[in-house]
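Here is how the chains run, residue by residue.
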Amino acid sequence: MSDDIRVIIADDHPMFRQGLRALLEALGIEVVGEAENGPAAVRLAHDTQPDVAVMDLHMPGGNGIEATRTITRTSPHIGVLVLTMFRDDDSVFAAMRAGARGYLLKESGAEEIARAVRAVAAGEAIYGPEIARRVLTYFTEMPDPRRSAFPELTDREREVLELIAQGRNNGEIAGILFLSPKTIRNHVSNIFMKLHVADRAQAIVLAREAGLGT
């Protein structure tokens, strides 16, 4: 039974291409062509207009990253599913930046690969379990840019600046932080001095440009 999904395979190993073709076709997915490198994959995608391009990354004669970037730019309706041995962060994020909708390792099972092809054809983004964990770890461990802004400020001064950027006056800030108005005035004066600003308006502009107050 056919899924009416048309696929091309780009990989420099003929035996792997043949095996993947047999696997996909056995599961009802039509393979309309094969390519052995990136430039050939770009030409094949242009000529056949498949639903999905299954792409290896490192191929002699032209890599899969550039091919992915070109295909997704010139034919954005074609979904690229990376299927590779490379699990390092540089490869994963380079593929994502190039426009790949999915990323699986070649050790993935037949059903997992077929499921990923169908998902990418449907416009979904899909990653193998290990790759998904890497992506999640990367984004959850990214430093908050607001924490690295204005390193000259103390943590308390940064809290005060955050509230200033929200449009709070000194009385409101004192109430929120459970500090005296005089203490808040001192913090505000220190902030102005450290940031080399003349008034509250200038401080708000700097803070909001750095992502504070949002």
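Here, residues in each chain are numbered from 1, in the same order as that chain's written sequence. Two thresholds apply to this predicted model, a pLDDT of at least 70 for residue-level local features and 80 or more for giving and counting side-chain atom pairs, whereas whole-chain, interface and lining totals are computed over all residues. Side-chain metrics rest on all non-hydrogen atoms present in the structure, leaving aside hydrogens and water.

If you check an unreviewed UniProt entry, the protein chain appears there as Response regulator transcription factor from Actinocorallia libanotica.

Caption draft 1: Representation of the packing of aromatic side chains within the structure. Two aromatic rings, drawn from Phe, Tyr or Trp (for Trp, its six-membered ring), form a pair once their centres lie within 6.5 Å of each other, and the interplanar angle then sorts them: stacked below 30 degrees, edge-to-face above 60, tilted otherwise. By the definition in use, this model includes zero aromatic pairs. By definition here, charges over rings are those cases where NZ of Lys or CZ of Arg is within 6 Å of the ring centre and within 35 degrees of the ring normal. Above the ring of Phe 16, the side-chain terminus of Lys 106 is found at 4.3 Å from the ring centroid.

Caption draft 2: Just helix 11 (residues 200-209), in detail. For every residue, the accessible area (1.4 Å probe, protein chains only) is compared with the maximum for its type, and the residue is labelled buried under 20%, exposed over 50%, or partly exposed between those bounds. Helical segments are the DSSP runs of H or I of at least four residues, strand segments are the runs of E of at least two, and each set is numbered from the N terminus. Burial in helix 11 covers these residues: Ala 203, Ile 204 and Ala 207. When helix 11 is viewed along its axis, its buried side chains cluster within an angular range of 100° and face the same direction. On the buried face of helix 11, the contacting elements are helix 8 (155-165) and helix 10 (181-195). One side-chain oxygen at the N-terminal end of helix 11 lies 3.3 Å from the backbone nitrogen of Ala 201; it belongs to Asp 199. By arc we mean the arc of the directions from the helix axis to the C-beta atoms, nothing more. In what follows, a contact means two residues having at least one pair of non-hydrogen atoms within 4.5 Å. A 3.5 Å cut-off defines polar contacts: any pair of N or O atoms within that distance qualifies, except that in protein one atom must be a possible hydrogen donor and the other a possible acceptor, and neighbouring residues in sequence count only when both atoms are side-chain atoms.

Caption draft 3: The UniProt feature "domain: Response regulatory" (unreviewed entry) in the protein chain, seen in detail. Mapped onto the present numbering, the UniProt feature "domain: Response regulatory" (unreviewed entry) falls on residues 6-121. As a span, residues 6-121 carries 49% helix and 22% strand, and end to end its C-alpha atoms are 9 Å apart. UniProt positions are given in the numbering used here, feature names are shortened, and annotations may be inferred rather than shown by experiment.

Caption draft 4: Region of the structure containing the environment of His 58. Within the fold, His 58 resides in the loop between strand 3 (52-55) and helix 3 (64-74). For His 58, a relative accessible area of 43% gives the class partly exposed. Separated by 140 residues in sequence, His 58 and Ala 198 have C-alpha atoms that sit 55 Å apart. If near-sequence neighbours (up to four positions away) are discounted, His 58 is found in contact with Asp 12, Phe 86 and Ser 91.

Caption draft 5: The arrangement of the packing of helix 8 against helix 10 in detail. A fitted line through C-alpha atoms represents every axis, and for helices the fit uses only the stretch in contact; the resulting angles, taken between N-to-C directions, go from 0 to 180 degrees. Helix 10 packs onto helix 8 with a crossing angle of 90° between their chain directions and a minimal axis gap of 10 Å. By the angle class used here, helix 8 and helix 10 are roughly perpendicular. Contact with helix 8, carried on its side by Arg 156, Glu 157, Val 160, Leu 161 and Ile 164, involves Ile 184, His 187, Val 188, Asn 190, Ile 191, Lys 194 and Leu 195 of helix 10 and no other residues of that element. Angular relationships are summarised with four words: roughly parallel below 35 degrees, roughly antiparallel beyond 145, roughly perpendicular across 65 to 115, and oblique for the angles in between.

Caption draft 6: Examining the packing of helix 8 against helix 9 (residues 170-177) more closely. Viewed as axis vectors pointing N to C, helix 8 and helix 9 meet at an angle of 130°, and their least axial separation amounts to 10 Å. What the angle tells us is that helix 8 and helix 9 run oblique. Crossing hand, helix 8 versus helix 9: right-handed. Residue-level contacts link Arg 156, Glu 159, Val 160, Leu 163 and Ile 164 of helix 8 to Ile 173, Ile 176 and Leu 177 of helix 9. Crossing handedness follows the turn of the near helix against the far one: under a right angle anticlockwise gives a left-handed crossing, and clockwise gives a right-handed one.

Caption draft 7: Geometry of the pattern of salt bridges. Criterion for a salt bridge: a side-chain nitrogen of Lys or Arg within 4 Å of a carboxyl oxygen of Asp or Glu. Tallying each qualifying case throughout the model produces 10 salt bridges. For Glu 34, the salt bridge goes to Arg 17, with nearest N and O atoms at 3.0 Å. Of this pair, Glu 34 sits in strand 2 (residues 30-35) while Arg 17 sits in helix 1 (residues 14-26), and the two are 17 residues apart along the sequence. Judged by its relative accessible area of 30%, Glu 34 is partly exposed. Using a relative accessible area of 10% as the deciding quantity, one classes Arg 17 as buried. When the shortest N-O distance is used, the salt bridge between Arg 158 and Asp 155 registers 3.3 Å. With Arg 158 and Asp 155 both in helix 8 and three residues apart, this pair spans about one turn of that helix. Take Arg 158: its relative accessible area is 10%, and that puts it in the buried class. Here the salt bridges do not stand alone but share partners, grouping Arg 17, Arg 21, Glu 25 and Glu 34 into one network.

Caption draft 8: Examining the UniProt feature "modified residue: 4-aspartylphosphate" (unreviewed entry) in the protein chain more closely. Feature annotation in UniProt assigns "modified residue: 4-aspartylphosphate" (unreviewed entry) to the following positions: Asp 56. Locating Asp 56 in the fold gives a position in the loop between strand 3 and helix 3. Not counting residues within four places of it along the chain, the set of residues in contact with Asp 56 comprises Ala 10, Asp 11, Asp 12, Gly 64, Leu 83, Thr 84 and Lys 106.

Caption draft 9: Main features of the nonpolar core. Counting 27 residues, the largest nonpolar core has Met 55, Ala 95 and Tyr 103 as its most contacted members. It is helix 4 (residues 89-98) that contributes the most residues to this core, five residues altogether. Sequence-distant contacts of Ala 95, defined by excluding residues within four places in its chain, comprise Leu 57, Ile 65, Val 82, Ala 100 and Tyr 103. Residues enter a nonpolar core if they are buried and are Ala, Val, Leu, Ile, Met, Phe, Trp, Tyr or Cys, with the set joined through side-chain atoms within 4.5 Å.

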